[in-house]
Each structure stands twice: as C-alpha cells, then as structure tokens.
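# Chains, contacts and geometry: an overview
Here is how the chains run, residue by residue.
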Amino acid sequence: DAKTTQPPSMDCAEGRAANLPCNHSTISGNEYVYWYRQIHSQGPQYIIHGLKNNETNEMASLIITEDRKSSTLILPHATLRDTAVYYCIVRGDNDYKLSFGAGTTVTVRA
Amino acid sequence: NAGVTQTPKFQVLKTGQSMTLQCAQDMNHEYMSWYRQDPGMGLRLIHYSVGAGITDQGEVPNGYNVSRSTTEDFPLRLLSAAPSQTSVYFCASSYSGEGRKLFFGSGTQLSVL
C-alpha cells in the first residue's frame, strides 16, 4: 500500500466547506484513493473513492490532482455531525492488507 | 439488512482466559477482516480472509487465531488474553472486486485485567 500523509487535526465552521488534504506521493497507477470517517467510537464509514477523476456523491466530493500525488476531500456544508476522524487510504484491487493511520480529526464548530 | 454484526459489544477478561469475538455479515462479501484500535490510534489489521477456507495474517496477528468455515462468519479467537490486548476490535467486510468499500461492524470493547 502507498503511504498517505494527513494533517492531525483541523477545525471548520458549521455551514462552511471543509477541505481535507491528503498526500500520497508514492501512489501507483492502479491504486485508488479511499476516504472513510469514524464518528466517536463507531466503526469507520465509507465516504467516497476515486482513481483519477474527481468524484462526487451525496456525502462529499473528492478532488485528485492530475499527477495523483495528492487529493482533497470536500465536505460542502459541514455540520456538527461531521465532527469525526477522517482517514485517507490508498489501495489497489489486490491489496488486502489494509490498515488505517491516525487520520485527521475534524472538529466542526457552531 | 443487518450488515456486519459483532458480538459481544463489551467484554472483560482476566489474563490467561480465552474467548471468541464473533463477526457475521449478510451481504455475501468474500473479504472479511479484523482490526484493533487502541486509544488515539488508527486501526491495525489483525487477520483477514478472502473467502471461505482462506485466511492470512495482517499487521498484528500474534495472540489471535481466525478461521473462515462459511462466507458469513469470521470469528476471532484470543488464545490466552493479555493486558496488551485491551482494545476496541472491529470486523469489516467487502466484495473482492473493483471499488470494494469496506463495511464495518460497531465494534467490541475488550478489557483484559
């Protein structure tokens, strides 16, 4: 698995967009970028994933740079319920040994 | 649709005791895995399975055994519990194809005294 680097924490104002960066400079061509989040002590929850193109779903948008060495998860209108630890992971289709680093602790403030 | 079900939610053991954490999924997922999460840390992979009868070690397998006799179930056995195994344990499952997002259970909080 390619390693990822995320800031340990960030704050965001409620109602504003939250932009979460992730560096994955050693990513290889067949590896996807996945984002998960973990609210309090619950099991992590899948958010979104992408290979090259930008992706959007009902939860978030994923912007991947053209060289694929970094990406940004965008929560368009953060709410207090978005306070969580966000994990950025890179994996290929045949990667089964998937571990989660420390992630970014996002605190949304009223 | 229950998803990934873990039991028990909480467990207290004495050092040296053995126990089995249960994990079941009803999504017909080929891939299942066990993680542990220590306070303030990310999740570390213990064991995983890509199908019935196939298991392999993850990052931190020592002290744990697994087996996969059916697609639905993937139990984690602690052979002789140690205080270092105090942690929150998560089970996860996914399909094996492209875009295989992981579905996680709600976790088991284990304390070993």
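Here, the structure is the one placed above.
Conventions we followed
- Residues numbered from 1 in each chain as written.
- Chains lettered and ligands numbered in written order.
- Predicted model: local features only at pLDDT ≥ 70, side-chain atom pairs only at ≥ 80, totals over all residues.
- Heavy atoms only, no water.
- Helix = DSSP H or I, 4+ residues; strand = E, 2+ residues; numbered from the N terminus.
- Rg over C-alpha atoms; globule rule 2.2 N^0.38 Å.
- Buried < 20%, exposed > 50% of the residue type's maximum accessible area, 1.4 Å probe, protein only.
- Contact = heavy atoms within 4.5 Å.
- Lys, Arg positive; Asp, Glu negative; His and termini not counted.
- Charge placed at Lys NZ, Arg CZ, Asp CG, Glu CD.
- Polar contact = N/O pair within 3.5 Å; in protein donor to acceptor, adjacent residues only side chain to side chain.
- Pairing = 2+ DSSP bridges.
- Axes fitted to C-alpha atoms, helices over the stretch in contact; angles between N-to-C directions.
- Core = buried A, V, L, I, M, F, W, Y, C linked by side-chain atoms within 4.5 Å.
- Phe/Tyr/Trp six-rings, centres within 6.5 Å; stacked < 30°, edge-to-face > 60°.
- Buried area = accessible area lost by both parts, 1.4 Å probe.
- Salt bridge = Lys/Arg side-chain N within 4 Å of Asp/Glu carboxyl O.
- Nonpolar A, V, L, I, M, F, W, Y, C, P; charged D, E, K, R; others polar.

### Focus: the overall build of chain A
- In terms of regular secondary structure, chain A is built from zero helices and nine strands.
- Moving toward the C terminus, one meets the helices and strands of chain A in the order β-β-β-β-β-β-β-β-β.
- Expected size for 110 residues packed as a compact globule is a radius of gyration near 13 Å; at 13 Å, chain A falls within 12% of this value.
- With the C-alpha coordinates of chain A rotated into their principal frame, the extents come out at 40 × 30 × 25 Å.
- Expressed as a percentage of the 110 residues in chain A, the buried residues total 46%.
- Sequence separation of 24 or more characterises 56% of the internal contacts of chain A that already satisfy a separation of 6 or more.
- Within chain A, the 11 negative side-chain charges are centred at a point lying 4 Å from the centre of the 10 positive side-chain charges.

### Re the side chain of Ser71 of chain A
Residue and element names in this part refer to chain A.
- Mapped onto the elements of the fold, Ser71 is located in strand β7 (residues 70-75).
- Here the side chain of Ser71 touches His24 through a polar contact of 3.0 Å, side chain to side chain.
- Residues in contact with Ser71, not counting those within four places in the same chain, are Leu20, Pro21, Cys22, His24, Val33, Trp35, Leu62, Ile63, Ile64 and Cys88.

### Side note on the sheet that holds strand β1 (residues 4-7) of chain B
All names here are of chain B.
- Across the sheet, four strands lie side by side as β1-β3-β8-β7; this open sheet has antiparallel pairing. Each of the sheet's edge strands pairs with one partner strand only, and the pair in question is β1 and β7 (64-66). Direction aside, neighbouring strands of the sheet carry axes that sit 20° apart on average.
- Judged from the three bridges that link them, strand β3 (residues 19-25) and strand β8 (residues 76-78) form a sheet pairing that is antiparallel. Each residue of the ladder has a partner; that of Met19, found in β8, is Leu78.

### Some thoughts on the nonpolar core
- Counting residues in hydrophobic clusters, the biggest one holds 22 residues, and the most contacted among them are Leu20, Val33, Trp35, Ile47, Leu73 and Tyr86 of chain A.
- Of all the secondary-structure elements, those providing two or more residues to this core are β1 (9-13), β2 (18-23), β3 (31-38), β4 (45-50), β6 (61-64), β7, β8 (84-92) and β9 (104-109) of chain A.
- At four residues, β8 of chain A tops the list of elements feeding residues into this core.
- Each residue touching Val33 of chain A, except ones within four places of it in the same chain, is listed here: His24, Ile27, Ile48, His49, Gly50, Leu62, Ile64, Ser71, Cys88, Ile89 and Val90 of chain A.
- If you look at the next biggest cluster of nonpolar residues, it comprises 20 residues, including Met19, Leu21, Ile46 and Val60 of chain B.

### Quick notes on the environment of Val50 of chain B
- With respect to the helices and strands, the residue Val50 of chain B is situated in strand β5 (residues 43-51).
- The contacts of Val50 of chain B, once residues within four sequence positions are left out, are Tyr96 of chain A together with Glu30, Tyr31, Arg68 and Ser96 of chain B.

### Looking at the packing of aromatic side chains
- Going through the model one piece at a time under the given rule, you end up with 13 aromatic pairs over all chains.
- Relative to Tyr36 of chain A, the ring of Tyr34 of chain A has its centre 6.4 Å away and its plane inclined at 15°; by these criteria the two rings are stacked. Each member of the pair, Tyr34 of chain A as well as Tyr36 of chain A, carries the same accessibility label: buried.
- Grouped by ring-pair contacts, the aromatic residues Tyr32, Tyr34, Tyr36, Tyr46, Tyr87 and Phe100 of chain A together with Tyr35 and Phe104 of chain B constitute a single cluster.

### Re the interface of chain A and chain B
- Facing 23 residues of chain A, the contacting portion of chain B comprises 23 residues.
- Summed over both partners, the interface of chain A with chain B buries about 1,800 Å², with 52% contributed by carbon and sulfur atoms.
- In terms of surface lost to chain B, no three residues of chain A exceed Tyr96, Lys97 and Phe100 of chain A, which account for 30% of the buried area on that side.
- If you look at where chain A meets chain B, you find zero salt bridges.
- On inspection of chain A and its partner chain B, the count reaches six residue pairs in polar contact (both at pLDDT 80 or more).
- For the side of chain A that touches chain B, the secondary-structure elements that each account for two or more residues are β3, β4 and β8 of chain A.
- When the residues that make up the side of chain A that touches chain B are grouped by side-chain class, the tally is ten nonpolar, nine polar and four charged.

### Quick word on the environment of Gln37 of chain B
- One can find Gln37 of chain B in strand β4 (residues 31-37).
- Setting aside its immediate chain neighbours within four residues, Gln37 of chain B contacts Gln38 and Tyr87 of chain A together with Gly42, Leu43, Ser87, Val88 and Phe90 of chain B.
- Only 2.8 Å separates the side chain of Gln37 of chain B from the side chain of Gln38 of chain A, close enough to count as a polar contact.
- Engagement of the side chain of Gln37 of chain B in a polar contact is seen with the side chain of Tyr87 of chain A, the distance being 3.3 Å.

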